[in-house]
Amino acid sequence: MKMTVTSKKVQVGQSFTDYAEAKLAKKLDRFFGASAEAKITVSTIRENIVVELTVRHGSLIFRAEQIAAEKNEAFDVCIDKIIRQIRKNKTKVEKRLSDTAFTAPYDPTEIEEIIEPDNNYSVDRTKRLMLSPMTIEEAILQMNLLGHPFFMFINDKSGEVNVVYKRDCGGYSLIEAGT
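All residue numbers refer to positions counted from 1 along the written sequence of the respective chain. With pLDDT at 70 or above as the cut-off, local features in this predicted model cover only qualifying residues; side-chain atom pairs require 80 or more to be listed or tallied, and sums for whole chains, interfaces and linings still use all residues. No hydrogens and no water enter the side-chain calculation; it runs on all heavy atoms of the structure.

With that out of the way, let us pick up the sheet that holds strand 7 (residues 133–134). Strand order in the open sheet formed by four strands is 7-8-9-10, and the pairing between neighbours is mixed. Either end of the sheet is taken by a strand with one partner, and the two such strands are strand 7 and strand 10 (172–176). Bridge count between strand 8 (residues 150–155) and strand 9 (residues 161–166): five bridges; the pairing is antiparallel. Looking at strand 9, one finds that isoleucine 154 is bridged to valine 161. Two strands are said to pair when DSSP picks up at least two bridges between them. The way it works is that DSSP assigns letters per residue, a run of H or I at least four long becomes a helix, a run of E at least two long becomes a strand, and they are numbered from the N terminus.

It is worth spelling out the confidence of the model for the chain at this point. In this model, the chain carries a mean pLDDT of 81, and residues with pLDDT of at least 70 account for 82%. Per-element averaging of pLDDT across the chain places strand 5 (residues 111–115) at the bottom with 41 and strand 9 at the top with 93. pLDDT is a residue-level measure of predictor confidence that goes from 0 to 100. Only heavy atoms enter the contact rule, under which two residues are in contact if any of them lie within 4.5 Å. Note on residues 99–119: pLDDT under 50 across the span, and 52 contacts to partners over four residues away in sequence or across chains.

In structure tokens form, the structure reads like this:
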């Protein structure tokens, strides 16, 4: 598994990088194999450490975030959260993970962030998404794996941009673009 460690306002030593690499190999390689990419971001909020772990494998993106007093503790919880996400969605995800676990040829969305200046009624942040065709079920699965309340995608049947979102009363809704 390819791994990238990024730190913001905190020192990350080689010992944490080695620890993270060993934990990823031990816990997540059986699900993803060598083709997955893991991005670890370590930052601070007051006295606490925030660890974000994002694992990309084909069209699947798994993300977990944890705040703790120590980096290793937060990282361990992030790995456990991702394993829970995989197990929770096992039947839906197993077709896409490596053969040794339970592979998708789809390239994950790439996000480019652009920070805008702060003005009245201005957009604070813009994200540009590279959308790929997928079914509604795949979009809902990806939304749940990311932990987002909505997900934008290209509907593979209609070829149009659609949005799925979680309803407050439970269930999901689909928004189709129209003219």
